[in-house]
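# Structural overview for review
Residues per chain are reported as follows:
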Amino acid sequence: MGRYINPFTDWGFKRLFGQEFGKDLLINFLNDLFEGEFQIKDVTFKDKEQLGDSNDLRGCIFDIYCVTDDGKHFIVEMQNRWVPFFVNRSIYYASKAFVAQRKRFDEAGERTPVLYQFVPVYVVCIMNFMPREHEVTKFRTDVALREKSSDSMFSDKLRFIYLSLPFFDKSEEECETGFEKWIYVLKYMEVLERLPFTAQKKIFNHLAKLADVRCLSREEQEKYDESIKAVDDYYSGLYGSYVEGEEKGIAKGRAEGELSKSLTIARNLLAMGMTLPQIMKATGLNEEQLKQL
């Protein structure tokens, strides 16, 4: 085990980005992510769930309510693990964030009109895996609602940002922006002996303290170990399914290859004038299979 936690376990991800004591880390990361667009001055965690056992293998998802320096509000949904139909799932959770804004009753229990005055919902997916859908083919994929012919913004209410770390191949020396430094540290944190860039980004000193396994309490260490095991079991299951599917594919391909070979032989024997019963006996093919000749 390395010096720092794996930030892509559910427990590790939420420790760094999903708790009040890590709020400054999250604000700094999001400001570097959206640099040049706006600056976030505060975040509120809508998901009040405490760090617990990582028995839910669907991945870490939580809502963050953000307020910018110019008074704008938006919701960020963060996800960090591959699951089947990953892109579709991110769209689903964005839709849930919209639906949750439709308040039908006020605090007194009186019915109120639904005005559809939604705050924007941004989905940020930090993907420490090679995506299996063709929609994500580079490190940063930024999707928004735009008018197709002019590429002008149609609505700012929905946005998806997919960050696929396997496509990020910069070395420590090549990282220039604050965002690149964040990505480098997150990608390699588990194997680093020290966190780089602490002189340029003071926030990384706080990151190093929260991520240092030596600073975990016994209870936190147990929960982290359980989270590591849950990830290992999850991907072992996926690998087992992959191997099983590959073996079935090989067996199917071998059978199809044998059939094709037998049909080629049967075609040659037929051309030589042999009867169907003779060909069936020589090749092992049945009458139904020979009909395709």
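Please refer to the structure placed before this passage.
Not measured: the values here are computed from a predicted model. (Residues numbered from 1 in each chain as written. Predicted model: local features only at pLDDT ≥ 70, side-chain atom pairs only at ≥ 80, totals over all residues. Heavy atoms only, no water.)

## Things to note about the side chain of Glu180
Positionally, Glu180 belongs in helix H4 (residues 178-188). At 2.5 Å, the side chain of Glu180 and the side chain of Lys170 are in polar contact. Separated by 2.8 Å, the side chain of Glu180 and the backbone nitrogen of Glu176 make a polar contact. Apart from the residues within four sequence positions on either side, Glu180 is in contact with Phe168, Lys170, Glu174 and Cys175. (Helix = DSSP H or I, 4+ residues; strand = E, 2+ residues; numbered from the N terminus. Polar contact = N/O pair within 3.5 Å; in protein donor to acceptor, adjacent residues only side chain to side chain. Contact = heavy atoms within 4.5 Å.)

## Digging into helix H2 (residues 23-33)
Owing to its 3.6 residues per turn, the α-helix aligns residues three or four sequence positions apart on the same side. Of all eleven residues making up H2, eight are buried, and the element is well covered by its neighbours. What H2 keeps buried is the set Leu25, Leu26, Ile27, Phe29, Leu30, Asn31, Asp32 and Leu33. (Buried < 20%, exposed > 50% of the residue type's maximum accessible area, 1.4 Å probe, protein only.)

## Concerning helix H1 (residues 10-17)
Counted residue by residue, H1 has eight buried out of eight residues, so it is predominantly covered. Asp10, Trp11, Gly12, Phe13, Lys14, Arg15, Leu16 and Phe17 are the residues of H1 that are buried.

## Focus: a negative patch on the surface
The grouping of Asp169, Glu173, Glu174 and Glu176 at the surface amounts to a negative patch. Structurally, the position occupied by Glu176 is in the loop between strand S6 (153-164) and H4. Overall, Glu176 belongs to the exposed group, its relative accessible area being 66%. (Patch = residues over 30% accessible without salt bridge, like charges linked within 9 Å, V, L, I, M, F, W, Y side chains within 5 Å. Areas by Shrake-Rupley, 256 points an atom, 1.4 Å probe, with all protein chains shown as cover. Salt bridge = Lys/Arg side-chain N within 4 Å of Asp/Glu carboxyl O. Lys, Arg positive; Asp, Glu negative; His and termini not counted. Charge placed at Lys NZ, Arg CZ, Asp CG, Glu CD.)

## Thoughts on the pairing of S6
Sheet topology places strand S4 (residues 121-127) next to S6; seven bridges connect them, and they run parallel. Its bridge partner being in S6, Val124 is matched across the sheet by Ile161. For strand S5 (residues 140-146) and S6, the ladder comprises seven bridges, and the chain directions are antiparallel. In the strand pairing of S6, Val143 is matched with Phe160. Between S5 and S6, which pair antiparallel one after the other, the connecting turn spans six residues, and Asp151 there sits at a positive phi close to 60°. (Pairing = 2+ DSSP bridges.)

## Remarks on the pattern of salt bridges
Applying the stated criterion to the full structure yields twelve salt bridges. Glu220 is paired through a salt bridge with Arg15; the nearest N and O atoms lie 3.3 Å apart. Remark: Arg15 occurs in helix H1 and Glu220 occurs in helix H6 (residues 218-271); sequence separation between them is 205 residues. Its salt-bridge partner being Glu180, residue Lys170 comes within 2.5 Å of it at the nearest N-O pair.

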